[in-house]
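Chains, contacts and geometry: an overview
One-letter residues, chain by chain:
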Amino acid sequence: TIVTNKGLQEHVEKNGGKAFILQDKIPAIPVRPSKELGKGFNLLFICSYGDDEPYEKVFEAARKLAPEVHIYVTGNYRKKDIDTASVPGNVTLLGYVSEDQYVEMLNSVDATIDLTTREDCLVCGAYETVAVEKPQILSNTKALRSYFHKGVIYTEHTAQDIAVSVQQLIDEKERLKREAVELKRHLKNEWEKRRQTLETH
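Counting from 1, residues in each chain are numbered in the order their sequence is written. Where local features are concerned, this predicted model is filtered to residues with pLDDT of at least 70; where side-chain atom pairs are given and counted, the filter is 80 or more; whole-chain, interface and lining totals use all residues. Working from all heavy atoms in the structure, the side-chain values ignore hydrogens and water.

Some points on the overall build of the protein
- In terms of regular secondary structure, the protein is built from seven helices and eight strands.
- Relative to the globule expectation of 17 Å for 201 residues, the C-alpha radius of gyration of the protein, 17 Å, shows essentially globular dimensions.
- Relative to its full complement of 201 residues, the protein shows a buried share of 50%.
- Here a residue-residue contact requires only that any non-hydrogen atoms of the pair lie within 4.5 Å. A separation of at least 24 residues holds for 61% of the contacts in the protein among residues at least 6 apart in sequence.
- A total accessible area of about 10,600 Å² is found for the protein, and carbon and sulfur atoms account for 47% of it.
- Positive charges are assigned to Lys and Arg, negative charges to Asp and Glu, while His and the chain termini are left out of the count. All charge positions are set by atom: Lys at NZ, Arg at CZ, Asp at CG, Glu at CD. Computed over 28 positive and 31 negative side-chain charges, the separation of the two mean positions in the protein equals 4 Å. Comment: elements are numbered from the N terminus, with helices defined as DSSP H or I runs of at least four residues and strands as E runs of at least two. With C-alpha atoms as the basis for the radius of gyration, the globule rule is written as 2.2 Å multiplied by the number of residues raised to the power 0.38. The classification of residues rests on relative accessible area computed with a 1.4 Å probe and restricted to protein chains. Under 20% of the type maximum is buried, over 50% is exposed, and intermediate values are partly exposed. Reported accessibility uses the Shrake-Rupley method at a 1.4 Å probe radius. Residues are deemed covered only where the shown protein chains occlude them.

Written out as structure tokens, the structure is:
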């Protein structure tokens, strides 16, 4: 069984299986011209409004941030009956976006946010953010910290912690940008080595 992290490997092996760790390949996301967004700092919150995504805490965090920090949110918010009037002014609910729109937003924002309460989950948005060499904010889980180990600010799932993490990312954006480039190169090389190891098993 191919799994993405050690936690899942241990789960498979406790049940008598044999597991091999091979994370997802960094996707080939095309570089596109940036869409004109606001002049402040722009983040893309990669969200599908799943039960493991603390999106309400992100909305609360936005209220604690300066107005020029803007958070764009993907995903069909209507399925959660979210009252758009209750959302802070520095949050834009994009709704469901096409693949082209998503790629455009990834290329346009300064950084991304992708959160999960699942301990052994490597979120897809993290791979996609690495692909476009952007800094990101991820949940403070063992699985995410061990794999996405550069260009990242890790956060707990409280409005205060998320707001602090956003501000830290802004303050350290130049270093994190450099690290994001390094991480992409490292993960691509490591993935190829793991693939070759798997083929020789």
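Considering the sheet that holds strand 6 (residues 111-114)
- A pair of strands counts as paired when DSSP detects no fewer than two bridges linking them. Sheet architecture is open: six strands sit in the order 5-4-3-6-7-8, paired in parallel fashion. Taken across any chain shown, the strands that pair with only one partner, and hence form the sheet edges, are strand 5 (91-95) and strand 8 (152-155). Strand-to-strand, the axes of this sheet are offset by a mean angle of 25°, without reference to chain direction.
- In this description, a line fitted to the C-alpha atoms serves as the axis of each element, helices being fitted only across the stretch in contact, and the angle between N-to-C directions of two axes falls anywhere from 0 to 180 degrees. Strands strand 6 and strand 7 (136-139) of the sheet are contacted by helix 4 (residues 124-131), whose axis makes an angle of about 160° with strand 7.
- Helix 6 (residues 159-171) rests against strand 3 (41-45), strand 4 (69-74), strand 6, strand 7 and strand 8 of the sheet, and its axis sits at about 165° to strand 8.

Quick notes on the environment of Y154
- Locating Y154 in the fold gives a position in strand 8.
- For the pair Y154 and S165, spaced eleven residues apart in the sequence, the C-alpha separation amounts to 7.2 Å.
- Filtering out sequence-adjacent residues up to four positions away, Y154 remains in contact with L138, S139, N140, L144, R145, F148, H149 and S165.
- In terms of polar contacts, Y154 uses its side chain to reach the backbone carbonyl oxygen of F148, at 2.4 Å. What qualifies as a polar contact is a pair of N or O atoms within 3.5 Å, subject to a donor-acceptor requirement within protein and to the restriction that residues adjacent in sequence count only when both atoms come from side chains.

A closer look at helix 3 (residues 99-108)
- Residues Y102, V103, M105, L106, N107 and S108 constitute the buried set of helix 3.
- Summarising the contacts, the buried residues of helix 3 are in contact with strand 3, strand 4, strand 5, strand 6 and helix 4.

Some remarks on the pairing of strand 8
- Along strand 8, one buried face is formed by V152 and Y154 and the opposite face, lined by I153 and T155, is buried too.
- Handedness rule for crossovers: strands pointing away from the viewer, path from the first strand over the helix to the second running clockwise, crossover right-handed. Handedness of the crossover joining strand 7 and strand 8 through helix 5 (residues 142-147): right-handed.

What about the packing of aromatic side chains?
- Note on ring pairs: Phe, Tyr and Trp rings are taken, using the six-membered ring of Trp, and paired if centres are within 6.5 Å. Classes follow the plane angle, with under 30 degrees stacked, over 60 edge-to-face and the rest tilted. One pass over the full model with this rule turns up five aromatic pairs.
- The interplanar angle of 55° and the centroid separation of 6.2 Å between the aromatic rings of Y127 and Y147 together place this pair among those described as tilted. Of this pair, Y127 sits in helix 4 while Y147 sits in helix 5, and the two are 20 residues apart along the sequence. Residues Y127 and Y147 agree in their burial class; the two are buried.
- Clustering of aromatic rings is evident, with ring pairs tying together Y49, Y55 and F59.

Side note on the side chain of E179
- Looking at the secondary structure, you find E179 in helix 7 (residues 173-200).
- Those residues in contact with E179 that lie beyond four places of it in its chain are K150 and G151.

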